[in-house]
Amino acid sequence: MADSTARQDPFGLNKVRDRREYARELTELIERGRREPWTALLSGTEAYAVAELLGQYAQLDPTAELSQLAAALASRLYSRLGA
């Protein structure tokens, strides 16, 4: 990812201070996505890669709040991709 892309924060996640707050912000982002029309942000290949990484992260500590969120997101991505 280019530096200019990394610094952009269209979803407002750069402001978070810790993992719990990050999980809360991601949850709010998901809820907002359910209410607002969505736009494709990733290609299918990128989405598969993200889902795989989220799934691997979720397995590190399955009981952690952020791991559970990662597992849910991976599942949703795979579902939307038809996997």
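Look above for the structure.
No experiment lies behind these values; they were computed from the predicted model shown.

**Structural notes on the packing of aromatic side chains**
- According to the stated counting rule, one finds one aromatic pair in the structure shown.
- On the basis of an interplanar angle of 50 degrees and a centroid distance of 6.3 Å, the ring pair of Tyr48 and Tyr78 is categorised as tilted. Of the two residues, Tyr48 is situated in helix α3 (residues 44-60) and Tyr78 in helix α4 (residues 65-81); the sequence distance between them amounts to 30 residues.
- On the basis of relative accessibility, which here comes to 37%, the residue Tyr48 falls in the partly exposed class.

**Some points on the nonpolar core**
- Within the largest apolar cluster, five residues are counted, these being Ala23, Leu26, Ile30, Leu66 and Leu69.
- A total of three residues in this core trace back to one element, the largest contributor, which is helix α2 (residues 19-35).

What counts and what doesn't
- Residues numbered from 1 in each chain as written.
- Predicted model: local features only at pLDDT ≥ 70, side-chain atom pairs only at ≥ 80, totals over all residues.
- Heavy atoms only, no water.
- Phe/Tyr/Trp six-rings, centres within 6.5 Å; stacked < 30°, edge-to-face > 60°.
- Helix = DSSP H or I, 4+ residues; strand = E, 2+ residues; numbered from the N terminus.
- Buried < 20%, exposed > 50% of the residue type's maximum accessible area, 1.4 Å probe, protein only.
- Core = buried A, V, L, I, M, F, W, Y, C linked by side-chain atoms within 4.5 Å.

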